Amino acid sequence: MAEAATNDSEAGGPDEHPPEPSETRDPRPDEAPDRDELHGTDFEETKSDAVNSEARREPTDEREKVQQVNFNFHGPVDASSGHFGVVGVGGAPPKLIGKLSDTEVGAALRNYVPPRRYDDALSALATDHAVVLEGRRGSGKRAGAMSLLREVTDGPLVRLSPAAAVEELAQRVYEAGFGYLVIDRKDAGSAADTEFSWHAVRNRVRDSRAWLVVTTTDNCVDEGDSVVHVSWVQPELRELLTAWLGGEQPDRIAAIEQALAGEHTMTDLAAIGRRVAEDDDITTALKEFGLASRAQVRRWFDGEGDRTRRQLLEVTAMAFLGGCNERSFESLLARLEEMLADRVPVPSPPEEEAPPRADDVLPQRRHAMLAESGLLGVEQVMVHGVTGQVLDFRVGTYRRHVLAELWRRMDVTTFWDTVREWLHEIVGAGYSAVGLGHSESIAAGLAELARVAFDEVWTSYLKPWSEPTQSWAGATTAIYTLWSMCYDEDMAPVALRTAERWVYSGDSRKRWMATVAFSGALGSTYPIVATNRLWYLIRQSGQGDRTARWAMADLFALLAKSTEDAGIVLRVLETRWKTHGAVGGNTQLRTLAIATINEVVTAPGAGSGRSSLFRYVHAFPDKIPLAARLWAVVLCHRPCRRRVLECLLDGLYDLHRVSSQPQSVVRDLGAAFAEALPPDEHAPLIHDLAAVQARHIRRPAVGPAADRARVIDALVQILLSPLTSAILKREKADGTGVSDR
């Protein structure tokens with residue numbers, strides 16, 4: 001499996017040329033009223049306050065499906081603003097691969113307390129240059145790995161993919177003095193193969209004079225003698241508090257111990273310890289990091305007497321429908337009650353105990369549900385400029401703790417089987433009035449449930465929704481679940497392994513889901529892995545299926561929105577072009593490389609019609625030569641040329657609208673074009689750009705379109721100036737000149 005992802009074996013292929021780019025495009029800026037408010041926004045787009053009904057309709061073609069899955073999650077709903085992990089976390093999910101910054105390492109190791117077997121692990125690392133830490137999720141293995149590596153090297157620390165096979169670790173290049181981490185790796189393979197491979201890993205790392213620490217939740221049955229496996233258990237809470245606060249505060253330590261009764265991850269404990277050590281009030285620290293929410297939820301479940309059927313179903317429904325309007329919520333809650341009643345009928349009271357009739361009384365269910373002593377509340381929201389309200393938990397982190405308590409208390413055959421049937425019915429409704437808009441919230445709930453019961457989430461939801469017989473809405477909800485898991489550092493590796501399982505499944509439906517998953521939040525969390533897996537899927541799908549190529553373009557657009565990591569996509573594509581683009585190379589792979597570069601170069605920005613590539617070079621001018629080399633590939637390929645030139649013209653105007661000095665970027669880009677393009681392409685490009693410009697740009701006498709045309713004309717002259725100069729220099733060197741032509 002590992003080889004399948006990286007092997008560039010040759011294969012015969014279809015026609016050399018990729019298909020002509022689609023004529024479908026976003027409206028040009030001159031086809032709509034100018035929007036002056038966009039000046040100076042640094043390519044940021046405005047977001048809808050509520051669900052866009054047009055975006056919610058079921059897509060009708062494959063390109064629209066890929067775009068809409070990303071748009072719904074990152075656009076009008078923006079699930080990234082949900083409560084994942086520590087209270088207040090929002091925005092993009094964390095990047096969990098690549099070089100660690102000194103700030104990140106310093107924060108993880110601040111007031112670090114070594115566990116019992118720390119010295120055993122350090123001794124093994126010092127001897128073998130590699131060690132494996134085994135322990136439950138949240139036991140502090142990540143910080144332990146950083147601490148161990150800092151004991152043996154001052155060099156850079158690099159985080160590798162948790163999906164890396166042992167064989168890949170044995171073959172990769174390690175830099176001398178570097179420390180490498182693989183966090184939460186899942187073991188696979190037979191004991192004999194694993195032992196042999198770990199032996200190769202140890203030798204490779206040691207011979208490279210590098211260092212490697214791998215963490216895993218697996219328990220190795222037969223450790224062998226190649227790489228030492230150390231059982232990792234977090235220190236006792238009193239040890240941690242004593243180290244953080246000093247031994248002279250026994251009363252305070254005892255109070256915190258009481259407040260933190262139960263299991264907590266080292267991440268939460270370390271964060272609280274830092275806050276309390278800075279003289280924060282204990283209650284404030286607990287509230288800030290969501291642990292007070294856990295206690296409140298547990299007290300609600302443990303309230304006097306058993307919670308009623310209605311109360312338990314209310315919090316269950318809210319865990320999967322949070323942020324829902326009253327009508328939708330109450331209708332779906334009633335359906336859940338009905339389904340549970342089919343499995344467990346509501347008992348009727350004996351005749352003699354029947355309450356007196358009260359024909360003129362209706363139960364005030366909403367009033368009871370929103371009581372001050374409960375977990376649910378009403379939140380005011382703005383919907384298309386009008387104030388409305390939605391039902392949700394009073395505190396965002398209640399959702400996580402409610403699901404944990406429900407899983408701990410409720411049985412499968414009656415309760416969780418009913419929940420499964422109910423959620424499948426909602427998702428199966430797809431884009432009908434019932435299913436409209438609930439996929440993201442259901443996915444967020446399943447991501448939280450996965451923290452305590454991933455097997456349930458996999459068996460009851462992800463696996464069935466990945467089957468060919470399921471609806472497109474089911475596949476979408478499964479993808480959203482993986483993306484929601486990416487906002488939790490402990491669950492992101494599980495999401496990655498799930499997507500990789502789909503990649504290598506051999507089933508077209510699962511491969512489609514993996515393709516889209518890597519184009520979104522999972523890709524921004526693991527950009528290197530995502531880019532390589534998408535290239536693998538591009539190769540497997542062939543020339544006729546453009547989905548993986550679109551996904552690569554969408555990943556680039558998403559990364560270009562806020563990070564330098566978009567350069568990973570460009571570098572991988574340049575490498576593939578150098579490998580397959582030479583004359584005499586594999587025709588099919590050369591065609592796929594050109595077609596993929598074409599999609600990326602012409603990709604609009606995430607959530608907008610603006611150029612992703614111009615966004616990227618505007619933010620990172622040092623990457624202009626890299627971008628120009630990829631532009632040159634498709635500019636030299638005639639079937640792609642016209643569409644690329646049209647996007648180039650649109651991108652120049654985009655740059656003008658957001659940059660205070662677009663001339664500088666365009667001047668550098670022109671110089672990079674002159675360097676990247678073959679000399680015999682300079683004159684044809686000048687000619688063709690002028691021809692496309694004449695057809696593509698409307699030129700009225702006055703108005704926004706006229707202003708746009710003048711801006712583009714000026715920037716085109718700057719862009720082409722280095723090409724013109726290069727032509728004149730060659731003519732002068734050849735003894736010819738303008739006067740001779």
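Scoring rules and cut-offs
- Residues numbered from 1 in each chain as written.
- Predicted model: local features only at pLDDT ≥ 70, side-chain atom pairs only at ≥ 80, totals over all residues.
- Heavy atoms only, no water.
- Helix = DSSP H or I, 4+ residues; strand = E, 2+ residues; numbered from the N terminus.
- Buried < 20%, exposed > 50% of the residue type's maximum accessible area, 1.4 Å probe, protein only.
- Contact = heavy atoms within 4.5 Å.
- Areas by Shrake-Rupley, 256 points an atom, 1.4 Å probe, with all protein chains shown as cover.
- Axes fitted to C-alpha atoms, helices over the stretch in contact; angles between N-to-C directions.
- Parallel < 35°, antiparallel > 145°, perpendicular 65-115°, else oblique.
- Left-handed = near helix turned anticlockwise from the far one by under 90°.
- Phe/Tyr/Trp six-rings, centres within 6.5 Å; stacked < 30°, edge-to-face > 60°.
- Lys NZ or Arg CZ within 6 Å of the ring centre and 35° of its normal.
- Pairing = 2+ DSSP bridges.
- pLDDT = per-residue confidence, 0-100.

(A) Spatial organisation of the overall build of the protein chain. Per the secondary structure count, the protein chain includes 33 helices and 8 strands. Looking at the 741 residues of the protein chain, the share that counts as buried comes to 52%. Sequence separation of at least 24 residues holds for 75% of the intrachain contacts in the protein chain that already meet a minimum separation of 6. Roughly 33,200 Å² of accessible area belongs to the protein chain as shown, and the carbon and sulfur atoms make up 50% of that amount.

(B) Quick look at unusual backbone geometry. For His-129, which is not glycine, the phi dihedral falls at a positive 70°. If you trace the backbone, His-129 turns up in the loop between helix H5 (118-128) and strand E2 (130-134). By relative accessible area, which is 13% here, His-129 ends up buried. Positioned with a positive phi, Asp-184 is a non-glycine residue whose angle comes to about 60°. On the secondary structure map, Asp-184 appears in the loop between strand E4 (179-182) and helix H8 (191-207). Take Asp-184: its relative accessible area is 7%, and that puts it in the buried class.

(C) Seen up close, the packing of helix H26 (residues 566-580) against helix H27 (residues 587-601). For the pair H26 and H27, interaxial distance at closest approach is 9 Å and the crossing angle is 155°. Viewed along their axes, H26 and H27 adopt a mutual orientation that is roughly antiparallel. Crossing geometry of H26 relative to H27 is assigned as left-handed. Along the contact surface, H26 presents Val-569, Leu-570, Leu-573, Trp-577 and His-580, while H27 presents Leu-589, Arg-590, Ala-593, Ile-594, Thr-596, Ile-597 and Val-600.

(D) Summary view of the packing of aromatic side chains. All told, the structure shown has 14 aromatic pairs when counted by the stated rule. Judged by centre distance (6.1 Å) and plane angle (25°), the ring pair of Phe-178 and Tyr-180 falls under stacked. Feature note: the residues Tyr-112, Tyr-118 and Trp-232 constitute an aromatic cluster, connected by ring pairs. When the ring centre of Trp-300 is taken as reference, the NZ or CZ atom of Arg-307 above it lies at 4.3 Å.

(E) The arrangement of the sheet that holds strand E6 (residues 229-231) in detail. In space, the 6 strands of this open sheet follow the order E1-E3-E4-E5-E2-E6, with mixed pairing throughout. In the strand order of this sheet, the two ends are held by strand E1 (98-99) and E6, each with one partner. Pairing analysis gives 4 bridges linking E4 to strand E5 (residues 211-216), with the strands arranged parallel. Paired with Leu-181 across the bridge in E5 is Val-213. Lying on the sheet, H5 is in contact with E2, E5 and E6; it crosses E2 at an angle near 155°. Its contacts with the sheet place helix H6 (residues 141-152) against E2, strand E3 (157-160), E4 and E5, and it is angled at close to 165° to E5.

(F) A look at the confidence of the model for the protein chain. On average, residues of the protein chain score 81 in pLDDT, and 77% of them are at 70 or above. Confidence drops under pLDDT 50 across residues 1-56; counting only partners more than four residues distant or on other chains, this segment forms 125 contacts. Overall, residues 76-90 carries pLDDT values under 50, and its contacts beyond four positions in sequence, including any with other chains, amount to 39 contacts.

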